[in-house]
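Now for the letters of each chain:
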Protein chains: 2
Amino acid sequence: MFHNIELDKSQPIYIQIKNYFRTMIAKGMLQKGERLPSTRELSMTLNVSRNTVISAYESLMDDGFINVIEGKGAFVADINVSSNSGWHIDWNSRINDYATAARDLDIVKHEAAWKKDMIPMSSISPDPELFPMDDFKRAFMNILSLEGYKILNYGYAKGYKPLIDLLLEYMEGKGINVDGKDLIITNGFTEAFEILLSCLVSEGDSILCENPTHNTALKIMKLKKLNICGGNMSEDGINIEDVKRIVQSKKIKLAYITPSYHNPTGITMPWEKRMELFHTLMSYNIPIIENGFNEELRYFGSHISPVAAIEGNGNSVVYIGSFSKVLFPGLRIGWILGDKSLIDYVESVKRSRNIHTSFIDQAVLYQFIREGYFEKYIKKVRRVYRQKYEDVVSAVRENIPDAKLYGDGGLHVFIKHEGIDSRQLLKECIKKNVIFTPGDIFYIDREVKNTFRLGFSRVKSEDIAKGIKIIGLQIKEMKNKG
Amino acid sequence: MFHNIELDKSQPIYIQIKNYFRTMIAKGMLQKGERLPSTRELSMTLNVSRNTVISAYESLMDDGFINVIEGKGAFVADINVSSNSGWHIDWNSRINDYATAARDLDIVKHEAAWKKDMIPMSSISPDPELFPMDDFKRAFMNILSLEGYKILNYGYAKGYKPLIDLLLEYMEGKGINVDGKDLIITNGFTEAFEILLSCLVSEGDSILCENPTHNTALKIMKLKKLNICGGNMSEDGINIEDVKRIVQSKKIKLAYITPSYHNPTGITMPWEKRMELFHTLMSYNIPIIENGFNEELRYFGSHISPVAAIEGNGNSVVYIGSFSKVLFPGLRIGWILGDKSLIDYVESVKRSRNIHTSFIDQAVLYQFIREGYFEKYIKKVRRVYRQKYEDVVSAVRENIPDAKLYGDGGLHVFIKHEGIDSRQLLKECIKKNVIFTPGDIFYIDREVKNTFRLGFSRVKSEDIAKGIKIIGLQIKEMKNKG
């Protein structure tokens, strides 16, 4: 035996030898008291240095798997090995309604997935090939030498102070009055929205939002068993008449809105309309959760201040920010800016959920922004994505002439086409290696069938026209048939 | 004006100039159409290069804050500034019971905090001065050149595959049969336990656990409004008679146990007792959540396989692991090993909460372990912490002779002392710059007053005897008084 120890270059040899014996012992293939080969013996069998074997045995001894007796050798310690209980729980019958709903609403588990060679118009995550890896490495090394081990130990639920201060400054630059407000770092938008609702709503509460809206937000609202009241989207954002009708007819607890580059429609609400929406909700004392999603990806026109800027010294708008859709989604960093007393509760809930967001990630992101790499990066990607956006728009005009196209920026456009079933369309397009997102998943009751979202962030420039042409031809075909 | 632009070295000059104007404009101190100083003018005023000012203006234009008209200059764009709505929400009245409870149960907000110069016997987090920073940097650089930008984009809810595989191997080495099981990465133990309960329990369900137990686990169980049934701790772990009484008298949904280096008592349950507990729960078909907390910090005796190893090919034990208490808590990485069908639900809930745990953190940790740095580190800290452990034990024997001391390893010991009130003791010791954790926070109803936990991981060796002496003297004093 022991010839079957397979050694590779993947990790230090002594660890591989240790792991081999540890598993043999743990599985009962080496019994209590059994003698291990001498270090000389094994080093020759495996053709490794004797010191390597000695290190492996020392480590096994440290972990309590063997005892080494001077001059006698190494013996398997008295560790007890797994019997076969054969005890089986039927977990499916133990799962509660919440987890069952979470799985039912998990589109990753129910929607068609991108496969190699497909044109990925279903994705709106940033193109990783644009990530400035060297700047990222520099930021990492610099913050590590500045902060040292501090950022590797436990931090604070609210987040890494320098990043919090920097984001407060950033929020002020958007026109938001941060007096009396506080900012907490979260694991991206998803956690921010989920924790806010966990603090503010109870089952059956009514919440106002755009319809369609971000499917992740819909999922979270449904998991909270909220009564979701959707205002339809007009060309310039949520329909104010719908909003008025809803707030008059129902007791609305919260409003959730995405005024810029709305997902999925890509619509940006003009300032006047933001004011009108704000004052409508104010008159009913309905606090607003604003999703600042992708505000950094503005390609045309002047800056439009977020709704949170309208309230001035008020405290009724809670702003959720995130760079995930622009920069390093793998880092999972977002934030909530809101009234101090609200954030104080949010902080305790956050701590009860996962203590805090990775401090090293926060520190690296802070340094990355501080050194100007973020500005540099945004400048670059704006140019690239703007070009792709324009290519998409002209390709749609050319290949899907009867389509209604929405989208003022960001990383996607939204298509409405009378008389087509986007599910059917998707099925056919996947056969031709083009994948996009059917619009129904963004509607509260999945009621609208004739829309779809085209993401372009990860589509190669040369594939944009190609992909949209395939979609266009397929639509023609379906219409001729139909 | 503009002389009051304060420039420092903290970040690139053009960004500081940009931020200055952006904030001036956002706050309405520069009005629509107003002309900015010429780039030449401003570069002289601020004594910076003209290109720096040009970059600042370009960036302001990109963000839509100004328009630059050839030959005319830069003018404030039509961005709308914050009015003062004066709209105020009383957030405290909007917070639900859950968030209120989360804040009430948040010990960080209610317990005495460590202050500079205090001997920190309240902490059980690892000593960051032992973190191998150079190995960490190497692991980071290596994984980044191996994986590139991939690990900075969205990942999978289940986690970074190489780390999952490595941890499965690690679990096998502990004697656990992983067939039919799956492993998901979480943001530490806290998230793992919280999500498991979110999948498996409903308000009012009964759960069995040790009393005392980890206060974070207690908080999470209380936030789920569970009926917490505690079995008292004997010298060798949870009292089996209590367990039998409880499972006979109540319908118990789940059992939560920490068999090794139990927090707060530090007791490690012997193998025979693990078997007995396992079979007792098996006979009532009560699944077990096992907290593998600090198993790496074994100082004496043979390896004792986790309870999850007893079930062999069964599927009824769910194991939660974490390195947070040993290595880099700032990284927030833990895992759940459990039946495939259970993990499938856990994955969907995890995705609905925060999509996934930081991929860069998972990848760096993977590389850190892969290259043998973890083995090396554990070997080092075991030696250091074992020495501290022994110093603590002898100091307690000497200075608190009447105390009952519990704890077989890990980073803390637990003290029971008849006739003392640990809250009173703490109050006095803090005056003398020694802080520890009163035991009551670990008891379900905070009913036990005469215990406290002494953490030593972050106490300097020379302070161990000093701190414990102060506690001992204080106890004497209190007893003489009383």
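Each residue is numbered by its place in its chain's sequence as written, counting from 1. For naming, the first written chain is A and the first written ligand is 1, with later ones following in the order written. Residue-level local features of this predicted model are given only where pLDDT is at least 70; pairs of side-chain atoms are given and counted only at 80 or more, and the full residue set underlies all totals for whole chains, interfaces and linings. Calculated side-chain values reflect all of the structure's heavy atoms, with hydrogen atoms and water omitted.

1. Comments concerning the state of the cysteines
Count a disulfide wherever a pair of cysteine sulfur atoms falls within 2.5 Å. Throughout the structure, instances matching the rule amount to 0 disulfides over all chains. Summary of cysteine pairing: C209 of chain A is not part of a disulfide, and the nearest cysteine sulfur, belonging to C229 of chain A, is at 8.1 Å.

2. A few points about the packing of aromatic side chains
Put simply, two rings from Phe, Tyr or Trp (the six-membered ring, in Trp's case) pair if the centres are within 6.5 Å, and we call them stacked under 30 degrees between planes, edge-to-face over 60, tilted for the rest. Following the criterion strictly, the structure yields 47 aromatic pairs over all chains and no others. Measuring from centroid to centroid gives 5.8 Å for Y160 of chain B and Y366 of chain B, while their planes differ by 75°, and the two rings are edge-to-face. Of this pair, Y160 of chain B sits in the loop between α6 (133–147) and α7 (161–173) while Y366 of chain B sits in helix α14 (residues 359–370), and the two are 206 residues apart along the sequence. Only protein chains enter the calculation, and the probe is 1.4 Å; a residue is then buried if its accessible area is under 20% of its type maximum, exposed if over 50%, and partly exposed in between. Overall, Y160 of chain B belongs to the buried group, its relative accessible area being 5%. Note on F436 of chain B and F452 of chain B: the rings are 4.8 Å apart at their centroids and 40° apart in plane angle, and the pair reads as tilted. Taken together, the positions of F436 of chain B in strand β14 (residues 434–438) and F452 of chain B in strand β15 (residues 451–455) put the pair 16 residues apart, joining distant regions of the chain. For the pair formed by F436 of chain B and F452 of chain B, the shared burial category is buried. Through a chain of ring-to-ring contacts, three or more aromatic side chains come together here, namely F131, F136, F140, F328, F368 and Y373 of chain A together with F131, F136, F140, F328, F368 and Y373 of chain B. When the NZ atom of lysine or the CZ atom of arginine is within 6 Å of a ring's centre and also within 35 degrees of its normal, the charge is said to sit over that ring. Here the guanidinium or amino end of R103 of chain A rests over the ring plane of Y345 of chain B, the centre of that ring lying 4.3 Å away. Seen from the ring of Y406 of chain A, K404 of chain A lies directly overhead, with NZ or CZ sitting 4.9 Å from the centre. To qualify as a helix, a DSSP run of H or I must reach at least 4 residues; to qualify as a strand, a run of E must reach at least 2; elements of each kind are numbered from the N terminus.

3. Focus: the interface of chain B and chain A
The contact definition used throughout considers only heavy atoms, calling two residues in contact when any of these lie within 4.5 Å. In this assembly, 137 residues from chain B lie in contact with 137 residues from chain A. Defined in terms of a 1.4 Å probe, buried area is the accessible area two parts forfeit on being brought together, summed over both. In total, about 12000 Å² of surface goes out of reach between chain B and chain A, with carbon and sulfur atoms giving 53% of it. For the chain B face of the interface with chain A, the top three residues by lost area are W87, W91 and Y345 of chain B, together amounting to 8%. Salt bridge, as used here, is a side-chain nitrogen of Lys or Arg placed within 4 Å of a carboxyl oxygen of Asp or Glu. The tally of links from chain B across to chain A stands at 20 salt bridges. In this structure, R382 of chain A engages D63 of chain B in a salt bridge whose closest nitrogen and oxygen atoms are separated by 2.7 Å. By the criterion applied in these results, polar contacts are pairs of N or O atoms within 3.5 Å in which, for protein atoms, one can donate a hydrogen and the other can accept it, and in which residues neighboring in sequence qualify only through two side-chain atoms. Counting the contacts that link chain B with chain A gives 75 residue pairs in polar contact (both at pLDDT 80 or more).

4. Description of the sheet that holds strand β5 (residues 206–211) of chain A
All names here are of chain A. DSSP-based pairing: two strands are paired if at least 2 bridges between them are found. Reading across the sheet, the 8 strands line up as β4-β11-β10-β9-β8-β5-β6-β7 and stay open at both edges, with mixed pairing between neighbours. Strand pairing shows two members of the sheet lacking a second neighbour, β4 (181–186) and β7 (237–238), which therefore form its edges. Two strands pair when backbone bridges link them, and β5 and strand β6 (residues 227–234) are joined in this way by 6 bridges, in the parallel orientation. Counterpart to I207 in the pairing with β6 is I228. Every axis corresponds to a line fitted to the C-alpha atoms, with the helix fit spanning only the stretch in contact, and the corresponding angles, defined between N-to-C directions, vary from 0 to 180 degrees. Packed onto the sheet, helix α9 (residues 215–223) meets β5, β6 and β8 (252–257) and runs at close to 155° relative to β6.

5. Re the environment of N232 of chain A
Residues and elements named next belong to chain A. Turning to its location among the elements, N232 is positioned in strand β6. In this structure the C-alpha to C-alpha distance between N232 and E210, which are 22 residues apart in sequence, comes to 6.1 Å. Among residues more than four places away in sequence, those in contact with N232 are N211, G237, I238, N239 and D242.

6. Some points on the sheet that holds β15 of chain B
Residues and elements named next belong to chain B. Taking strand neighbours across the sheet as the criterion, the 5 strands line up as β3-β14-β15-β13-β12 in an open arrangement whose pairing is mixed. At either margin of the open sheet sits one strand with a lone partner, and together these are β3 (119–121) and β12 (404–406). Pairwise comparison of adjacent strand axes, ignoring direction, gives a mean angle of 30° for this sheet. Both β12 and strand β13 (residues 412–416) contribute to a ladder of 3 bridges, which runs antiparallel.

7. Things to note about the relation of the copies chain B and chain A
A residue counts toward the fit only if its pLDDT is at least 70 in both copies, and the copies are then superposed by least squares on the C-alpha atoms of those residues. If you rotate chain B by 180° and push it 0.0 Å along the axis, it lands on chain A with an RMSD of 0.0 Å. What the rotation and shift describe, once combined, is the action of a two-fold rotation axis.

8. Brief notes about the pairing of strand β1 (residues 66–69) of chain A
Residues and elements named next belong to chain A. Bridging between β1 and strand β2 (residues 73–76) involves 4 bridges; their strand directions are antiparallel. Note that in β2 the partner of N67 across the bridge is F75. Taking the residues that link successive antiparallel strands as the turn, the β1-β2 hairpin has 3 residues, and the phi of G71 there is positive, at about 75°.

9. Focus: the nonpolar core
By size, the foremost hydrophobic cluster in this structure holds 287 residues, and its most contacted members are M221 and I471 of chain A together with M221 and I471 of chain B. Excluding residues that lie within four positions of it along the chain, M221 of chain B makes contacts with F193, L197, I207, C209, T213, L226, I228 and Y256 of chain B. In this text, buried Ala, Val, Leu, Ile, Met, Phe, Trp, Tyr and Cys residues form a nonpolar core when linked through side-chain atoms within 4.5 Å.

10. Structural notes on the side chain of E111 of chain A
Residue and element names in this part refer to chain A. Its place among the elements puts E111 in the loop between α5 (107–110) and β3 (119–121). Within the structure, the side chain of E111 is placed 2.8 Å from the side chain of R423, a separation counted as a polar contact. Discounting chain neighbours no more than four positions away, the residues touching E111 are R423, P438, I441 and R446.

11. Looking at the domain arrangement of chain A
Its domain assignment divides chain A into domain 1 (2–76), domain 2 (111–129 + 376–481) and domain 3 (131–371). Here the limits of each domain have been adopted from an automatic or database domain assignment. Domain 1 of chain A and domain 3 of chain A are separated by 54 Å when their C-alpha centres are compared.

12. Re the pattern of salt bridges
Enumeration according to the criterion identifies 68 salt bridges over all chains in this entry. Here E194 of chain A and K224 of chain A are joined by a salt bridge, their closest N and O atoms 3.2 Å apart. Taken together, the residues E194 of chain A in helix α8 (residues 188–200) and K224 of chain A in the loop between α9 and β6 connect sequence positions 30 residues apart. Here K404 of chain B ties to E235 of chain B by a salt bridge, and the two come within 3.5 Å at their closest N and O atoms. Of this pair, K404 of chain B sits in strand β12 while E235 of chain B is found in the loop between β6 (227–234) and β7 (237–238), placing the two residues 169 residues apart along the sequence.

13. Brief notes about unusual backbone geometry
All names here are of chain A. That bond from N211 to P212 is cis: its omega, 5°, falls within 30 degrees of zero. In this structure, P212 sits in the loop between β5 and α9. If you check the backbone angles, N47 has positive phi at about 60° while not being a glycine. When you line up the elements, N47 lands in the loop between α2 (39–46) and α3 (50–62).

14. Some thoughts on the environment of G204 of chain B
Positionally, G204 of chain B belongs in the loop between α8 (188–200) and β5 (206–211). Taking the C-alpha atoms as reference, G204 of chain B lies 32 Å from P270 of chain B; in sequence the two are 66 residues apart.

15. Considerations on the side chain of E311 of chain A
With respect to the helices, strands and loops of the structure, E311 of chain A is situated in the loop between α12 (307–310) and β10 (317–322). Of the polar contacts made by the side chain of E311 of chain A, one reaches the backbone nitrogen of S316 of chain A; its length is 2.6 Å. Setting aside chain neighbours within four positions, we find E311 of chain A in contact with K181, F278, S316 and V317 of chain A together with S83, N84, S85 and G86 of chain B.

16. Observations regarding α14 of chain B
What a helix should span is 1.5 Å times the count of its residues minus one. Its 12 residues give α14 of chain B an end-to-end C-alpha distance of 16 Å, which sits within 8% of 16 Å, the value for a rise of 1.5 Å per residue. Most of α14 of chain B is tucked away, with 12 of its 12 residues classed as buried. Residues of α14 of chain B that are buried: F359, I360, D361, Q362, A363, V364, L365, Y366, Q367, F368, I369 and R370 of chain B. Elements that come into contact with the buried residues of α14 of chain B comprise α6 (133–147) and α14 (359–370) of chain A together with α6, α7, β4 (181–186) and α15 (373–399) of chain B.

17. Describing empty space enclosed by the protein
As defined here, a cavity is a set of points on a 1 Å grid over the protein atoms alone where a 1.4 Å probe fits but cannot get out. A pocket is an open set with protein on both sides within 12 Å along at least five of seven lines, and residues line them when an atom is within 4 Å of a point. Grid points are joined across faces, edges and corners, and a volume is the space filled by probe spheres set on the points. Counted under the stated rule, the structure contains 6 cavities of 30 Å³ or more. Here the largest cavity is characterised by a volume of approximately 70 Å³. Contributing to the lining of the largest cavity are F136, F140, L331, I360, D361 and V364 of chain A together with F136, F140, L331, I360, D361 and V364 of chain B. Looking at the lining of the largest cavity, the elements with two or more residues in it are α6 and α14 of chain A together with α6 and α14 of chain B. Ten residue types, Ala, Val, Leu, Ile, Met, Phe, Trp, Tyr, Cys and Pro, are classed as nonpolar, four, Asp, Glu, Lys and Arg, as charged, and the remainder, Gly among them, as polar. Across the lining of the largest cavity, the residue classes tally to 10 nonpolar, no polar and 2 charged.

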